[in-house]
Amino acid sequence: MSKSFERYQKRKLISSYFSVVLSIALVLFLLGVLGLLVLNTKKMADHFKEQITVSVFLKDEAKQVEINQLQKSLAMADYTKQAVFVSKEEAAEQHTEAIGENFIEFLGYNPLKNSIDVQLKADFVSPTQIEEIAEAIQEKDYVEEVSYDKPLISLLNDNVKKISLWILVASGIFAFIAFLLINSSIRLSVYSKRFIIKTMQMVGATKRFIRRPFLWTNIKLGMLGALIAMIGLAVTIYYVNDFFPELTLLKDPTTLALLFAAIFVLGVLISFISTFLATQRFLNLRTDDLYY
């Protein structure tokens, strides 16, 4: 009978520890994903900004020397990520593929212009800066027109600001929820041992002596939960980087190391604080209150 009871108690203890570790791991994993999103918000925003193309259309009478000189000067400019010359013939081929029919045969001539497609660096993609760049290029006598999508740039910048703000707000809220969830799991674990705590206290054990094994046990559980969360996050980062290599998640090991360290520290810190508060509550309770 006693052995059966011991096995039951052991299974109950293991089940309690498993639920604590699982809840810590899941919460820290989700917090890590959100942290990864926060750290890479600017990188993702920069990626989308650098897809914006400023097209410099050239006059038909523009000399090849002038075109080459303009392309080189644009390519070497501080604001340029890439400058590619597109001939009117190449542009016609691209349009034909896009619309599915040869418009030159229908019109009898090629109405398109030679152009230079300029992709700007993300820091220069703002309505004011692009306008200044376009005006400077437009001053060239052999430049017909400088074209770019003004509404898209304004919309992109506004949305990036809104998304960044909401991600920070969501991070703060989720961090608070993470603390509450982990705290609840640990409190339930300590609650199941409230009678043991009070019995030890009644026979003369000090609060520090009673609290120490609970702290150490739950800190170890927090460390284990954090390690599981870190493994899950590492797998997630690997596959996300595989599907979206342009984000270059693995090219910044320092940031990733700080993120993993933060997850581990959070696991230990939240476990310590939650256990301390939970044990303190039951240590301060009267014996009659333990039944409620």
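Q: Could you give an account of the side chain of Thr 279, naming the residues involved and the relevant values?
A: Of note, Thr 279 is situated in helix H10 (residues 253–284). Among the polar contacts listed, one links the side chain of Thr 279 to the backbone oxygen of Thr 275, at a separation of 2.8 Å. In this structure the side chain of Thr 279 is engaged in a polar contact, spanning 3.1 Å, whose partner is the backbone oxygen of Phe 276.

Q: How would you explain the packing of aromatic side chains if you had to name every residue and give the values?
A: A complete count under the given rule lists three aromatic pairs for this structure. With centroids separated by 6.3 Å and ring planes inclined at 70°, the aromatic side chains of Tyr 79 and Phe 124 adopt a geometry described as edge-to-face. Of this pair, Tyr 79 sits in the loop between helix H3 (64–76) and strand E2 (80–86) while Phe 124 is found in the loop between strand E3 (115–120) and helix H6 (127–138), placing the two residues 45 residues apart along the sequence. Measuring from ring centre to ring centre gives 6.3 Å for Phe 272 and Phe 276, while their planes differ by 25°; the resulting arrangement is stacked. With Phe 272 and Phe 276 both in helix H10 and four residues apart, this pair spans about one turn of that helix.

Q: Account for the environment of Lys 220, with residues named and values stated.
A: Here Lys 220 is to be found in helix H9 (residues 207–243). Owing to a relative accessible area of 42%, Lys 220 belongs among the partly exposed residues under this scheme. With 47 residues separating them along the chain, Lys 220 and Gly 267 place their C-alpha atoms 9.4 Å apart.

Q: Please set out the pairing of E3 residue by residue, giving values where relevant.
A: With five of its six residues buried, E3 lies for the most part within the structure. Sheet analysis places strand E1 (residues 53–58) next to E3, joined by five bridges and oriented antiparallel. Residue Phe 57 lies in a different strand from E3, and its bridge partner there is Ser 115. Pairing between E2 and E3: six bridges, direction antiparallel. Counted as the bridge partner of Gln 82 is Gln 119 from E3.

So, how was this worked out
- Residues numbered from 1 in each chain as written.
- Predicted model: local features only at pLDDT ≥ 70, side-chain atom pairs only at ≥ 80, totals over all residues.
- Heavy atoms only, no water.
- Helix = DSSP H or I, 4+ residues; strand = E, 2+ residues; numbered from the N terminus.
- Polar contact = N/O pair within 3.5 Å; in protein donor to acceptor, adjacent residues only side chain to side chain.
- Phe/Tyr/Trp six-rings, centres within 6.5 Å; stacked < 30°, edge-to-face > 60°.
- Buried < 20%, exposed > 50% of the residue type's maximum accessible area, 1.4 Å probe, protein only.
- Pairing = 2+ DSSP bridges.

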